[in-house]
Amino acid sequence: MAASGGKAEITTSDPRVLEREVELRRAQLAGTIDELTSRLAPAAIKERSIATARAKVLDFTTDGHGSVRVGRVAALAGVAVGVAVVAVVRAVRKRR
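This structure is a prediction, so every number in the text was calculated from the model and none was measured. (Residues numbered from 1 in each chain as written. Predicted model: local features only at pLDDT ≥ 70, side-chain atom pairs only at ≥ 80, totals over all residues. Heavy atoms only, no water.)

## What to know about the side chain of Thr61
Thinking step 1. Along the polypeptide, Thr61 turns up in helix H2 (residues 42-61).
Thinking step 2. Excluding residues within four positions of it along the chain, Thr61 makes contact with Ser67, Val68, Arg69, Val73 and Leu76. (Helix = DSSP H or I, 4+ residues; strand = E, 2+ residues; numbered from the N terminus. Contact = heavy atoms within 4.5 Å.)

Shown next as structure tokens:
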């Protein structure tokens, strides 16, 4: 088989060669489908998302040497406390 313009071109008419080629392509396609299935599985997507979020948080909160950036961590803590306070205030107001 030869490639021409992104498409495979059949260069033989030998049935055994053709059969082997079909089997090889079938195996390649099955491998590709298995890989796509595993990449698109909800658990795999979740794990990649968690890993990405962790990496971003670490990158934001630490410098290149692994030392904590105290100012940034304090800012994040302040935002978290602010969000918690707003949530508590809203919950208290809803009860009244």
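On we go from here.
## Description of the environment of Val92
Thinking step 1. Tracing the chain through its elements places Val92 in helix H3 (residues 70-95).
Thinking step 2. When the C-alpha positions of Val92 and Ala30 are compared, they lie 57 Å apart, and in sequence the two are 62 residues distant.

## Observations concerning a nonpolar patch on the surface
Thinking step 1. There is a patch of nonpolar side chains on the surface, built from Leu36, Leu40 and Ile45 and spanning about 280 Å² of accessible area.
Thinking step 2. Looking at the element boundaries, Leu40 is found in the loop between helix H1 (15-39) and H2. (Patch = residues over 30% accessible without salt bridge, like charges linked within 9 Å, V, L, I, M, F, W, Y side chains within 5 Å. Areas by Shrake-Rupley, 256 points an atom, 1.4 Å probe, with all protein chains shown as cover. Salt bridge = Lys/Arg side-chain N within 4 Å of Asp/Glu carboxyl O.)

## A closer look at the pattern of salt bridges
Thinking step 1. All chains considered together, the criterion is met by three salt bridges.
Thinking step 2. Close ionic contact of Glu21 with Arg25 constitutes a salt bridge, the shortest N to O distance being 2.8 Å. Taken together, the positions of Glu21 and Arg25, both in helix H1 and four residues apart, correspond to about one turn of that helix.
Thinking step 3. Look at Arg25 and you get partly exposed, because its relative accessible area is 38%.
Thinking step 4. Glu35 serves as the salt-bridge partner of Arg39, at 2.5 Å between the closest nitrogen and oxygen. A residue pair is termed a helical-turn pair when its members lie 3 or 4 positions apart in one helix, as Arg39 and Glu35 do in helix H1 at four residues.
Thinking step 5. Residue Arg39 is classed as partly exposed on the basis of its relative accessible area, which comes to 46%. (Buried < 20%, exposed > 50% of the residue type's maximum accessible area, 1.4 Å probe, protein only.)

Shape descriptors only; they carry no functional weight alone.
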